[in-house]
Amino acid sequence: MCDLFRKLRSTRDKIMSLSIAEENYLKAIYKLSERYGSPVNTNAIARVMKTAPASVTDMLKKLAKKDLISYQKYYGGSLADRGKKLATELIRRHRLWESFLVDKLGFEWDEVHIIAEELEHVDSQKLVDRLDEFLGHPKFDPHGDPIPDREGRYTLRVQYPLCDLEPGESGTVVGVLDHQDGFLQVLRVLDIQLGTKISVLELFDFDESVKISINDKEHIVSNQISTQVYVKK
């Protein structure tokens, strides 16, 4: 019986003693695996975390020892069930805080990411549940990303990158892939936000740019923009 309690305590200590850096790695691995599949390449994590691949390898080994990921040399890391649960909880907190900052405090969508990065590490289930209730249980954050519910479930919808639309087709903006301040500020200048209706007028093969119309105003947007703005047809 004593051995059992020691094992349970050891497992608990492995899970509970997480630093902010470790939590950020779990979230990065989760998002990369959603986009590219698992295992997640060490170099890909290094680019997201803006650090050296050797530092990533050290962190992956540390997370593996805590049974939060499985790590294979030369292949990268995959989230274990507990690691995925923790990452989902972080994403839930982050997106709820972004919703609060925009909907209740009047922040712009390009101002909230860094603040939410700090607030997401406040580990209080009661606070998160109260926040969710106060906001009316939103399904999507201010960038159009789905907010996991208390059980980690998402609301999914059909959406397409703007570049997939043909000339003559229209769509309503429902999300963006890039949350960096600079990208969102460019969209603000173009008057592109959630709910904006965009009509595609012409596609240019030379540089894959797109001529669009918003509120009877015409713009030519780059491939970088058209591939990262998502619309509902």
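Keep in mind that what you see is a predicted model, and the values were worked out from it rather than measured.

Rules used throughout
- Residues numbered from 1 in each chain as written.
- Predicted model: local features only at pLDDT ≥ 70, side-chain atom pairs only at ≥ 80, totals over all residues.
- Heavy atoms only, no water.
- Helix = DSSP H or I, 4+ residues; strand = E, 2+ residues; numbered from the N terminus.
- Buried < 20%, exposed > 50% of the residue type's maximum accessible area, 1.4 Å probe, protein only.
- Contact = heavy atoms within 4.5 Å.
- Expected span 1.5 Å × (residues − 1).
- Arc of directions from axis to C-beta.
- Phe/Tyr/Trp six-rings, centres within 6.5 Å; stacked < 30°, edge-to-face > 60°.

Asker: Whenever I open this one, the environment of Ile69 confuses me. Can you help?
Answerer: On the secondary structure map, Ile69 appears in strand β1 (residues 69–72). By relative accessible area, Ile69 is classed as buried at 5%. For the pair Ile69 and Ile29, spaced 40 residues apart in the sequence, the C-alpha separation amounts to 9.3 Å. Those residues in contact with Ile69, other than ones at most four positions away along the chain, are Leu26, Ile29, Leu60, Leu63, Ala64, Gly77, Ser78, Leu79 and Ala80.

Asker: Looking at this structure, I do not really get helix α4 (residues 53–65). What am I missing?
Answerer: Residues lying three or four places apart along an α-helix face the same way, a consequence of the helix completing one turn every 3.6 residues. Here α4 is 13 residues long and its end C-alpha atoms lie 19 Å apart, about the 18 Å a rise of 1.5 Å per residue gives. Val56, Thr57, Met59, Leu60 and Leu63 are the residues of α4 that are buried. Taken end-on, α4 shows its buried residues confined to a sector of 165 degrees, consistent with a single buried face. α4 presents Ala54, Asp58 and Lys65 as exposed residues on the side facing more than 90 degrees away from its buried surface. Buried positions along α4 lie against α2 (20–36), α3 (42–49), β1 and β2 (76–79).

Asker: Before we go on, may I ask you to explain the packing of aromatic side chains in this structure?
Answerer: Aromatic rings in a pair are described by how distant their centres are and how their planes are angled relative to each other. Scanning the model with the defined rule gives two aromatic pairs in all. A centroid spacing of 5.8 Å and a plane angle of 85 degrees characterise the contact between Trp97 and Phe100, whose relative ring orientation is edge-to-face. Of this pair, Trp97 and Phe100 both sit in helix α5 (residues 81–103), separated by three residues, roughly a single helical turn. The class of Trp97 is buried, set by a relative accessible area of 11%. Overall, the relative accessible area of 18% leaves Phe100 in the buried class. Arranged with centres 6.3 Å apart and planes meeting at 55 degrees, the rings of Phe100 and Phe134 form a pair that is tilted.

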